[in-house]
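# Notes for the structure review
Next come the chains, spelled out residue by residue.
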Amino acid sequence: TEACLAAIDGADALNAYVHKTPEIALERAKAADARLKEGDAPDMCGLPIGMKDLFCTKGVASQAASGILEGFTPEYESTVSQKLQDAGAVMLGKLNMDEFAMGSSNESSVYGDAINPWKVDERNLTPGGSSGGSATAVAADLCLAATGTDTGGSIRQPAAFTGTVGIKPTYGRCSRWGIIAYASSLDQAGPMTKTVRDAAIMLEAMAGHDMKDSTSADLAVPNFEAMLTGDIRGKVIGVPKEYRPEGLPEEIGKLWDDGAAMLKDAGAEVREISLPHTKYALPAYYVIAPAEASSNLARYDGVRYGHRAKLGAGDGINEMYEKTRAEGFGDEVKRRIMVGTYVLSAGFYDAYYNRARKVRTLIKKDFSDAFDAGVDAILTPATPSAAFGLGEMSDADPVQMYLNDVFTITVNMAGLPGITVPAGLSSQGLPLGLQLIGRPWEEGDLLNTAYALE
Ligand code: GLN
């Protein structure tokens, strides 16, 4: 813990931590030392971790990197962060992210950009997003592991951009209670780590049924680490042809082929499959996610949480709402609220929101058909490119940024577990990742396949 705290203080330029909590960390580290001495140490006893700013942490500012939650210090602890604490993990501080987890580059944060520790020329690169601070902190040794959340790729894309491991478990595996909501039917928490083994250990600590989240599954949490045998003989790996769009960079295609060859060498059967509705996933996601966000973010009204605008004489409650929300939310969040409100409005609901929900069902069915046909896991690239320069995408039109998530979004739409593992370097020398997608609730199997690929 002390070594991490010192490293964090020396790495302010990366802007990974937005709130440092050294007093809390040292106190918990001391308690962990005592437990280790007594010999009743839980799995993560004394392991220093970073916490994405989306998790409510009791007595510690939790702002989802938004101006509207300025000064918000929760009275409660999220279930996942509590479970990690119970498992002995030591929180070092809160990590940078895109505002309300909306973004793929960490550039929409009220705290400014997080910077990828990887660099090949004078340009500063994005660590990806929305869990950009988490990825930066893990890659730069500013913690041993970090929490992330993933609504459309926010764990898996930053993991790919920083050469780290990130798993989004099955929807319902981790409780969402106390995690600031973005799109509730898609949001899931998961670990971001240096290795697959660390991810297995940390996921076990984070997962489990919670009475406070009705969508959390009442299922036993397996010992994921014990399932890491590296033996994948006889497993069937699907390679979906729709994930090789025209214009996919050659090096990404090669990385993917090499990954498939590696799994084959390890004794798996590699099979081409079809997920025919893939091309509709991105547009459908950008209807469903903003719709849910517009509803979730309605609560930030200047009364209950955080920021309230200064009002002029004669301003009433409507002016208070308007000014507070105009000042508190950033541009990307406002764009999502407007899109979401539009697609839910009377007259457009059927044309957009309902249609997107139907598409979502078809995407889900594509995957279950593949699994029913005997496929155990699906291998795809994690991202269409390596990390890009800050400003490079955010200055273009927003759709360019949205396209970053083409390979990860389908997984959230179907509620499946997905993991990104580092798979090599780009021609420029930047990390690239591969994604494995698993059957629902079979994270153990998925982690084991990832372990064989690592
Ligand atoms: N980039 C996607 C979005 O902005 C996904 C973000 C996420 O997974 N939280 O919605």
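Residues numbered from 1 in each chain as written. Predicted model: local features only at pLDDT ≥ 70, side-chain atom pairs only at ≥ 80, totals over all residues.

Under the annotation held in an unreviewed UniProt entry, the chain carries the name Glutamyl-tRNA(Gln) amidotransferase subunit A and is attributed to Donghicola tyrosinivorans. Within the UniProt record for the chain, the comment given under Subunit (unreviewed entry) is "Heterotrimer of A, B and C subunits." (UniProt positions renumbered as here; feature names shortened; annotations may be inferred.)

What follows is about helix α10 (residues 331-344). For an α-helix, the turn length of 3.6 residues means that residues three or four places apart are oriented alike. When the terminal C-alpha atoms of α10 are compared, their 20 Å separation across 14 residues agrees well with the 20 Å that a helix rising 1.5 Å per residue should span. Where α10 is concerned, the buried positions are Val 333, Arg 336, Ile 337, Gly 340 and Val 343. In a view along the axis of α10, the buried residues occupy a sector of 140 degrees, so they form one face of it. Residues of α10 that are exposed and point over 90 degrees away from its buried face: Asp 331 and Met 338. Summarising the contacts, the buried residues of α10 are in contact with α8 (281-296) and α11 (350-372). (Helix = DSSP H or I, 4+ residues; strand = E, 2+ residues; numbered from the N terminus. Expected span 1.5 Å × (residues − 1). Buried ≥ 20, exposed ≤ 12 C-beta atoms within 10 Å, placed from the backbone. Arc of directions from axis to C-beta. Contact = placed C-beta atoms within 7 Å.)

By way of backbone hydrogen bonds, the strands of a sheet pair with one another, either parallel or antiparallel. Spatially, β1-β3-β2-β4-β6-β5-β10-β11-β9-β7-β8 is the arrangement adopted by the eleven strands of the open sheet, whose pairing is mixed. What marks the edges here is a single partner per strand, and that holds for β1 (17-20) and β8 (269-273). Adjacent strand axes in the sheet meet at a mean angle of 30 degrees when their direction is disregarded. Helix α1 (residues 2-9) contacts β1, β2 (48-52) and β3 (90-95) of the sheet and is inclined by roughly 20 degrees relative to β3. Against the sheet, helix α4 (residues 132-139) touches β1, β2, β3, β4 (145-150) and β6 (188-193), its axis set at about 155 degrees to β4. (Pairing = 2+ DSSP bridges. Axes fitted to C-alpha atoms, helices over the stretch in contact; angles between N-to-C directions.)

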